[in-house]
Amino acid sequence: MKTKKDKPLYNVKSGQEITGSEALVLSLLEEGVDRIFGYPGGAIMPVYDALYDYLDKIEHILVRHEQGAAHAAESYAKILGKPGVALVTSGPGATNLITGLANAMIDSTAMVCISGQVPSGLLGTDAFQETDVIGITMPVTKWNYQITHPWEIPGVMAKAFYIASTGRPGPVMIDITKDAQFGKLKWHYEKCTKIRSYFPSPKVQPEKIDEAAKLINAAKKPLLIAGQGILISNAQQELETLVTKADIPVTTTLLGLSAFPSDHPLYVGMPGMHGNMAPNIKTNECDLLIAVGMRFDDRITGKLEEYAPQAKIIHFEIDPSEIGKNVPIDVPIIGDAKEALSLLIPKVKKTSHKEWITSFHKEYENEYDKVIRPARHSDQGEIRMDEVVHLISEKSEGKAIVVTDVGQHQMVTARNYRFKTSRSWVTSGGLGTMGFGLPAAVGAKVARPDREVIAFIGDGGFQMTIQELGTIAQSNLPVKIVVLNNSFLGMVRQWQDMFFDKRYSFTELVNPDFITIASGYGIRGRFVSDRKDLESAIDDLIKSKDAFILEVKVMKEQNVFPMVPSGESVSNMRIE
């Protein structure tokens, strides 16, 4: 592996004797790693010492908590489409990664996480900061492995990156004992290109493509759901070509946002619990449902028995275990989405579904009049979350990378930010991890320093990882932070309001002065509670060349609508 100037990345030659810790650093270089997120400690100290000699080739971002390293690495991976890397010590350092690993596992994100471990002779003795990392992380990783000999390092690292990034991506955990880091080996590295019994990209079956084309060509009311698999396989162009040719309306899942332009005439919004009315209602009216790179999560389907019972369903999915797991499938197409869609496009006829598509517009107009316009364009009362996000979307021209935490603000942002550019959305989907937003913003900005990164975070989630303001300050990352403060754990309060007789059990928050806290890190900001100050404050946020925090005091008991109540049909949406 060489640079553009055809110079070696390092001076070590194949066959030369080096330490295991240096071999680990060189393995990262061989895999094209130039950014890692981490926190040092005793059991990983040899690797950090070796890293010191390669700081001109690998930038290390020092987080303030290992959970922050995992979330930053995951966000970095989502934006760039390559594995993010986290480096931590043993014991609590490794266990602090667990939430991030679980988040990446359920959201199919490629990560390689590396933890130090006590010397191999002390394994199983309850030594200081010893934890069974392999046992603990097995359920939340795609693969994990404990290295106890230095000569294992190159091969295991090559395998780790291959497994993390191929097929359905996921996190990999590598635990390395301290003696393996100190030990010597003769350096040699080979990229991993295959593993026996591991088939990450199943070959697409031509007969299934033919079956799918037949259904699409015969459909009168088709609907396509685009998930994150479109982004993972870089199939954005193929998706647009297919739906334009066949005139198929497109809805994108929460994790699929920005995979399809929000201003495209065929885009009909987001489905699911807090999605748009049109795609939810039309799911139960379409005669053909085409799902690409999504897993029919319960937040999408609602009551399974009443989910699209009238429709034939085509499911494009790289992971065979997802086929038929939740919803019966008529035509399963197993394989890479980009490859499968490329094969399908020539077999699909150019057609028009004008009347069907117009029916979506009518549903949207109904939602706009009853829900969207009142929330976005208030001129009295408390500031609403919707109007803040909508205004920022307009002023950033839909071109920012948008990161969120988890809660009401997450759903409001997903509904109101109008994405114009692909790979512009980072959020926690399947696990719903509060505290994800701030470190994820770090990872996004490290990945794309050339793009604006705006993080929308609730007051509850912000306090879970608020210490990462230190990472932003030390690394001089011009991240824009918008704290939508309603002094509640908003989503939990909404459920208590709607389903628990407004018994607000331990959801009200007494918050600190966030602007003052940020100023302690040298980060400028503004606090807004009056609507007349909102636009100028947003202008300050957008124009700032440095990190900036905007705290907006929003309506305390605003509920996010529309909403599909848990366990009910997706066509049974409540708007109040």
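**Side note on the overall build of the protein chain**
From N to C terminus, the protein chain includes 23 helices and 19 strands. In terms of C-alpha radius of gyration, the protein chain reaches 24 Å, essentially the compact-globule figure of 25 Å for 576 residues. Judged by the C-alpha coordinates and their principal axes, the protein chain covers about 70 × 60 × 50 Å. Within the protein chain, buried positions represent 59% of all 576 residues. Sequence separation of 24 or more characterises 75% of the internal contacts of the protein chain that already satisfy a separation of 6 or more. Placing the 63 positive and 69 negative side-chain charges of the protein chain at their respective mean positions leaves the two points 5 Å apart.

**Structural notes on the pairing of strand β7 (residues 171-177)**
Of all seven residues that make up β7, seven are buried, and the element is covered over most of its length. Neither face of β7 is open: one carries P171, M173, D175 and T177, the other V172, I174 and I176, and all of them are buried. Here strand β5 (residues 111-117) pairs with β7 via seven bridges, running parallel. From the neighbouring strand, M111 faces β7, where its bridge partner is P171. By the bridge criterion, five bridges tie strand β6 (residues 143-147) to β7 in an arrangement that is parallel. The residue bridging I147 from the neighbouring strand is I176, located in β7. A crossover links β6 with its parallel partner β7, the connecting element being helix α7 (residues 153-165), and its sense is right-handed.

**A short note on the pattern of salt bridges**
In total, this model carries 26 salt bridges according to the counting rule given. In this structure, E306 engages K303 in a salt bridge whose closest nitrogen and oxygen atoms are separated by 3.2 Å. In this structure, a network of salt bridges that share partners links the residues R168, D319, E322 and K325.

**With respect to the domain arrangement of the protein chain**
Entries for the protein chain in the domain assignment read domain 1 (17-186), domain 2 (206-359) and domain 3 (377-553). With centres defined by C-alpha atoms, the gap from domain 1 to domain 2 works out at 37 Å. Counting residues at the interface gives seven residues for domain 1, matched by seven residues for domain 2. Here domain 1 packs against domain 2, burying approximately 600 Å² in sum over the two surfaces, 52% of which is carbon and sulfur. Looking at the side of domain 1 facing domain 2, the largest losses of area belong to I106, D107 and R168, adding up to 64% of the total buried there. Inspection of the domain 1/domain 2 interface yields two salt bridges. D319 serves as the salt-bridge partner of R168, at 2.8 Å between the closest nitrogen and oxygen. In terms of residue class, the side of domain 1 that touches domain 2 is made up of two nonpolar, two polar and three charged.

**Topic: the sheet that holds strand β12 (residues 312-317)**
Neighbouring strands of a sheet are bound in pairs by backbone hydrogen bonds; such pairs are parallel or else antiparallel. Reading across from one edge, β10-β9-β11-β12-β13 is the order of the five strands in this open sheet, with parallel pairing throughout. The two strands at the open ends of the sheet, each matched to only one other strand, are β10 (250-252) and β13 (331-334). Between one strand axis and the next, the sheet turns by 15 degrees as a mean value, whatever way the strands run. Pairing analysis gives five bridges linking strand β11 (residues 288-292) to β12, with the strands arranged parallel. Residue pairing for β12: L288 is matched across the bridge by K312.

**Describing the sheet that holds strand β15 (residues 425-426)**
Here we have six strands laid out as an open sheet, ordered β15-β14-β16-β17-β19-β18, and parallel in their pairing. The two strands at the open ends of the sheet, each matched to only one other strand, are β15 and β18 (524-528). In this structure, strand β17 (residues 480-485) lies alongside strand β19 (residues 548-553), joined through six bridges in parallel fashion. When the sheet's bridge partners are listed, I481 is paired in β19 with I549.

**Remarks on the nonpolar core**
Within soluble globular proteins, side chains that are nonpolar generally end up buried alongside one another. Of all hydrophobic cores here, the largest spans 67 residues; its most connected members are L224 and L344. No other element matches helix α16 (residues 385-395), which puts five residues into this core. Two domains each provide a minimum of three residues to this core, namely domain 2 (206-359) and domain 3 (377-553). Setting aside residues up to four positions removed in sequence, L344 forms contacts with I209, A212, A213, I216, L242 and F316. Counting 49 residues, the second largest nonpolar core, distinct from the first, contains M111, V453, I466 and I472.

**A look at unusual backbone geometry**
Cis geometry is found at the peptide bond from F561 to P562, where omega equals 0 degrees. In the Ramachandran plot, Q129 falls in the positive-phi region, its phi being about 60 degrees despite a non-glycine side chain. Note that Q129 resides in the loop between β5 and α6 (133-137). Judged by its relative accessible area of 27%, Q129 is partly exposed. The phi dihedral of D247 falls on the positive side, at around 55 degrees, and the residue is not glycine.

**Some points on helix α5 (residues 98-106)**
An α-helical segment advances 3.6 residues per turn. Residues three or four places apart therefore align on the same side. Taken as a whole, α5 has its buried residues at G100, L101, A102, N103 and A104. Summarising the contacts, the buried residues of α5 are in contact with α3 (66-80), β5, α6 and β7.

**Overview of the packing of α3 against α5**
Each pair of packed helices can be described by the angle between their axes along with the distance between the axes. The N-to-C vectors of α3 and α5 enclose an angle of 25 degrees; their axes lie 7 Å apart at closest approach. Taken together, α3 and α5 sit at an angle that is classed as roughly parallel. Contact residues: α3 offers Q67, A70, H71 and E74, while α5 offers T99, G100, N103 and A104.

**Comments concerning the environment of L254**
Looking at the secondary structure, you find L254 in the loop between β10 and α12 (277-283). Note on L254: relative accessible area 18%, which makes it buried. Along the backbone, L254 and M270 are 16 residues apart, and their C-alpha atoms lie at a distance of 7.0 Å. The residues touching L254, leaving out its near neighbours within four places in the chain, are M270, Q410, M411, A414, W425, T427 and G429.

**A short note on the packing of aromatic side chains**
The final tally for this structure, using the stated rule, is 14 aromatic pairs. Look at W143 and Y145: their rings are 5.7 Å apart centre to centre, the planes differ by 25 degrees, and that puts the pair in the stacked class. According to the relative accessible area criterion, W143 is buried, its value standing at 19%. On the basis of relative accessibility, which here comes to 28%, the residue Y145 falls in the partly exposed class. On the numbers, 5.7 Å between centres and 25 degrees between planes, the contact of W187 with Y189 is stacked. Residue W187 is classed as buried on the basis of its relative accessible area, which comes to 3%. Clustering of aromatic rings is evident, with ring pairs tying together Y10, W187 and Y189.

Basis of the calculations
Residues numbered from 1 in each chain as written. Predicted model: local features only at pLDDT ≥ 70, side-chain atom pairs only at ≥ 80, totals over all residues. Heavy atoms only, no water. Helix = DSSP H or I, 4+ residues; strand = E, 2+ residues; numbered from the N terminus. Rg over C-alpha atoms; globule rule 2.2 N^0.38 Å. Buried < 20%, exposed > 50% of the residue type's maximum accessible area, 1.4 Å probe, protein only. Contact = heavy atoms within 4.5 Å. Lys, Arg positive; Asp, Glu negative; His and termini not counted. Charge placed at Lys NZ, Arg CZ, Asp CG, Glu CD. Pairing = 2+ DSSP bridges. Right-handed = clockwise from strand over helix to strand, strands pointing away. Salt bridge = Lys/Arg side-chain N within 4 Å of Asp/Glu carboxyl O. Domains from an automatic or database assignment. Buried area = accessible area lost by both parts, 1.4 Å probe. Nonpolar A, V, L, I, M, F, W, Y, C, P; charged D, E, K, R; others polar. Axes fitted to C-alpha atoms, helices over the stretch in contact; angles between N-to-C directions. Core = buried A, V, L, I, M, F, W, Y, C linked by side-chain atoms within 4.5 Å. Parallel < 35°, antiparallel > 145°, perpendicular 65-115°, else oblique. Phe/Tyr/Trp six-rings, centres within 6.5 Å; stacked < 30°, edge-to-face > 60°.

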